[in-house]
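# A look at the structure
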Amino acid sequence: MAGPTGERFDAIVVGTGFASSFFLHRLLRGLASSSRVLVLEAGRRHAHSWQLQHPRALEKIAARSFINRTPAKPWVVQRAFGGGSNCWWACTPRLLPSDFALHSNYGVATDWPISYDELEPLYSEAEWLMDVAGPSDDSPFPRSRPYPQPAHRMSDPDKLLKRAFPDAFFAQPTARPSRTVAGKRAACCNNGVCELCPIDSKFTVHNSMGNVYADPRVTLVLGARVDQVDIAGDRAEGVVYTRDGREEHARADLVALGANALSNPHVLLRSGDTHALLGRRLHEQTSLKANVLLDGVDNFQGGTSITGHGYMLYDGPHRSERPAILLETWNVPRLRNERGKWRQLLKLMCIIEQYPRRENRVEVSSEDSTRPAVSHAGHGPEVARAVDALQRELPRLMAKLPIEDVRIASEFKQTEAHALGTVVMGNDPATSVVDRHLIHHRIRNLLVLGGSAFPTASPANPTLTISALSLFAAEHLLS
Amino acid sequence: MTKFASLVRWPRRTFLRALGIATGGLLFAQGCREDEAPSEPRVVVNPNAPLTRVLRRHFHYLEIDDAVFAAFARDLAKHQGPWRPKKSPPPFSRFLASTDFFQNGADESRALTYVSYYDPYVSPCYNPFAPAQATGLTRANSSDDRGGRAADTAPSSLREERPRSA
């Protein structure tokens, strides 16, 4: 199991979350049967049954994996086999085509070095690998293939929203299956606690991609914290990692860092990479909850925890002035404690796009260089403009439904669990660390996968895009 | 067979079938056992317990037998520890969802029956809010029927216009 010090592989992949698993999945399809791939995972493998018996244990393990210098702004990552798939809510929207060209279209933030059209086939492939349930014939983004599963049942408030906004409200695409996935997962039955699904229904690396790690060409080493990439000139020679307190070395022709957006830049910084943007631009979306008090309409009939996506405040010329907002409709039964109105409540999560800021960053700490140190200087001014728009527009939108009131929370949700942007991708080596294929601009046999490459954070959940980008990167390598 | 038993038959059966495919384990199935609650020993209710007093006062307009309060208090204590008035708000929603109140259309004239402790980790797939027709969806979800779309379960006021995505 353990890779002995100095052993040589064709490729080393760091991490076992979405970024690494989808990359590996595609890479293995193109590698010879004699190839050898070493996968190093800092965490341990925790079976679903173990996780049920130890609630929040993975959260505690992950919290110890980095130093948060601004605890008021928490970050959610995972340090365990399967990475973020252990705790995600399995929401799988794509980005909109315009999300890839914010600067060109609206004069704000940055363009991506890749277009929606280029990524589209990989989006489809990722959706099929995850058995996503979604609205094939009624989608906010262009599609070349239908979703593998039909959308979940909408709630009654969703149906009213669909009627009011037929071109801007859709059933949420999700890797919480609407039907049993033969041999893998039961259909979602709306338990509403998706961070740890009681019946293991949502897609996880554990329950759906175990075959990647069982491949005889793959050597998986758990509890192996990668400290740095061995770089000689403009070439990655391998990695240095620590396992059971001992320093180990492994060598390979190709190194792919696929850890989270806190660890990826940290490893590169410790490896001597001095790019001015490395570790900078740490960002994610922010969000505000809203309660819509319904009048005579019951909620919670939907088929899964989050049933709808509202794009009414998302894309359009307004993005020159304020960021996009995505509305999620929640079907988790949080009752309204009023006689006769128990179910007359619609909870919305209003997810707001944020632009990256250089001040928000990951560094190597002088106190403990083995863990990334994270600082956050707060929201940019664009968030306040989005909140103004939300307060102005949401009551107007919801007035299309029979309602009594709309109540928007005054405090932001602390985290969306989507750390992004610290090893930014781009075409210009002066303003980006990796290129459009996630290859390091200078070290051409080093890839940096995952959310760390995101130039901007659309309000859409990033996981499907992370997975599609990994497929895109692997496909390019093999071509 | 109790009313609840007939209501939960499909989710339980589907769940067990799916579980066999997905995990082969029995761990989660136990929460969906339709006879779980009746098999528990009968508990003598303390009508003056703080939880019972608070629930009875709050739901004064509903017909609730002492045994319903007792069963809920027992399960709450078993799974979360006894309710402490000064430490947490009264579990009004959880109590109602643990009865057949919503399955009976929130009909305030019907006496409540205790069904199952409402906690997804205790009773996975127990969903008192799913529409009756959702059993059709559950069947469609099962491995032996891949043809159907999600059932349109809108109330009559919504039914005439089928949403494109449902």
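Each value, and the rule that gives it
- Residues numbered from 1 in each chain as written.
- Chains lettered and ligands numbered in written order.
- Predicted model: local features only at pLDDT ≥ 70, side-chain atom pairs only at ≥ 80, totals over all residues.
- Helix = DSSP H or I, 4+ residues; strand = E, 2+ residues; numbered from the N terminus.
- Buried ≥ 20, exposed ≤ 12 C-beta atoms within 10 Å, placed from the backbone.
- Rg over C-alpha atoms; globule rule 2.2 N^0.38 Å.
- Contact = placed C-beta atoms within 7 Å.
- Expected span 1.5 Å × (residues − 1).
- Core = buried A, V, L, I, M, F, W, Y, C linked by C-beta atoms within 7 Å.
- Axes fitted to C-alpha atoms, helices over the stretch in contact; angles between N-to-C directions.
- Parallel < 35°, antiparallel > 145°, perpendicular 65-115°, else oblique.
- Left-handed = near helix turned anticlockwise from the far one by under 90°.
- Nonpolar A, V, L, I, M, F, W, Y, C, P; charged D, E, K, R; others polar.
- Pairing = 2+ DSSP bridges.
- pLDDT = per-residue confidence, 0-100.

## Overview of the overall build of chain B
- Within chain B, the secondary structure is distributed over 7 helices and 0 strands.
- When its helices and strands are written in sequence order, chain B yields α-α-α-α-α-α-α.
- For chain B, with 166 residues in total, the buried portion stands at 39%.

## Section: the overall build of chain A
- From N to C terminus, chain A includes 11 helices and 18 strands.
- Relative to the compact-globule value of 23 Å for 479 residues, chain A shows a C-alpha radius of gyration of 22 Å, a close match.
- Expressed along its principal axes, the backbone C-alpha trace of chain A runs to roughly 70 × 45 × 45 Å.
- Expressed as a percentage of the 479 residues in chain A, the buried residues total 58%.
- Here the contacts in chain A between residues at least 6 apart in sequence split such that 73% fall between residues at least 24 apart.

## Digging into helix α1 (residues 18-30) of chain A
- Taking 1.5 Å of rise per residue, 13 residues should cover 18 Å, and α1(A) covers 19 Å from first to last C-alpha, within 8% of that figure.
- Turning to α1(A), its buried residues are F18(A), A19(A), S20(A), S21(A), F22(A), F23(A), L24(A), H25(A), R26(A) and L27(A).

## A few points about the nonpolar core
- Among the nonpolar cores identified, the biggest contains 167 residues, and I12(A), F23(A), I325(A) and L438(A) are the most heavily contacted of them.
- Excluding residues within four positions of it along the chain, I12(A) makes contact with L38(A), L40(A), G238(A), V239(A), A250(A), A252(A) and V255(A).

## Quick notes on the environment of P131(B)
Residue and element names in this part refer to chain B.
- For P131, the position within the fold is in the loop between α5 (92-97) and α6 (134-141).
- You can call P131 buried: it has 21 C-beta atoms within 10 Å.
- Spatially, the C-alpha atoms of P131 and F101 are 13 Å apart, while their sequence positions differ by 30 residues.

## What to know about the packing of α1(A) against helix α11 (residues 463-478) of chain A
Residues and elements named next belong to chain A.
- At their nearest, the axes of α1 and α11 sit 8 Å apart, and the two run at 30° to each other. Looking at the two axes, α1 sits roughly parallel to α11. For the pair α1 and α11, the sense of crossing is right-handed. Packed against α1, whose contacting residues are F18, A19, F22, F23, R26, L27 and G30, the element α11 presents T463, I466, S467, S470, L471, A473, A474, E475, L477 and L478 at the interface.
- When grouped by side-chain class, the residues that make up the contact of α1 with α11 number 11 nonpolar, 4 polar and 2 charged.

## What to know about unusual backbone geometry
Residues and elements named next belong to chain A.
- Its identity as a non-glycine residue notwithstanding, R56 has a phi of 70°, on the positive side.
- Within the secondary structure, R56 is located in the loop between α2 (48-53) and α3 (57-63).
- Here A417, not a glycine, exhibits a phi torsion of approximately 60°, which is positive.
- With respect to the element layout, A417 can be found in the loop between β17 (403-408) and β18 (446-448).

## Quick word on the sheet that holds strand β3 (residues 67-68) of chain A
All names here are of chain A.
- Across the sheet, which stays open at both edges, the 3 strands sit in the order β3-β16-β15 with mixed pairing between neighbours. Two strands lie at the open edges of the sheet, namely β3 and β15 (361-364), each paired on one side alone.
- With 2 bridges connecting them, β3 and strand β16 (residues 372-375) associate as parallel partners. Residue N68 lies in a different strand from β16, and its bridge partner there is V374.
- The strands touched by helix α9 (residues 263-270) within the sheet are β15 and β16, with β15 carrying the most contacts at an inclination of about 40°.

## Digging into helix α6 (residues 156-164) of chain A
- When you tally the buried positions in α6(A), you get 7 out of 9 residues, the bulk of the element.
- Within the sequence span of α6(A), burial applies to D156(A), P157(A), D158(A), K159(A), L160(A), L161(A) and K162(A).

## Things to note about the sheet that holds strand β14 (residues 345-352) of chain A
Residues and elements named next belong to chain A.
- Pairing in this open sheet of 6 strands is antiparallel, and the strands run β6-β12-β13-β14-β11-β17 from one edge to the other. With partners counted over all chains shown, the strands left at the sheet margins are β6 (169-171) and β17, one partner each. Taking each pair of neighbouring strands and ignoring which way they run, the sheet shows an average axis angle of 25°.
- Set on the sheet, α6 makes contact with β6, β11 (286-294), β12 (306-310), β13 (325-330) and β14; between it and β12 the angle comes to about 20°.
- The sheet strands contacting helix α10 (residues 381-398) are β11, β13, β14 and β17, and the helix crosses β17 at an angle near 170°.

## Focus on the environment of V229(A)
Residues and elements named next belong to chain A.
- Topologically, V229 is positioned in strand β8 (residues 224-232).
- Its 24 C-beta neighbours within 10 Å are what place V229 among the buried residues.
- Apart from the residues lying within four places of it in its own chain, the contact partners of V229 are A236, V239, V255, V267, L268, S271 and L446.

## Details of the confidence of the model for chain B
Residue and element names in this part refer to chain B.
- For chain B, mean pLDDT is 67; residues scoring 70 or higher make up 51% of the total.
- No element of chain B has a lower mean pLDDT than helix α7 (residues 156-159), at 28, and none a higher one than α5, at 96.
- Segment residues 1-41 is flagged for pLDDT under 50; beyond a separation of four residues in sequence, or across chains, it makes 65 contacts in the model.
- Contacts of residues 135-166 to residues separated by more than four positions or lying in other chains number 68 contacts, the stretch itself having pLDDT below 50.
- Here the predicted complex scores 0.88 on pTM and 0.91 on ipTM.

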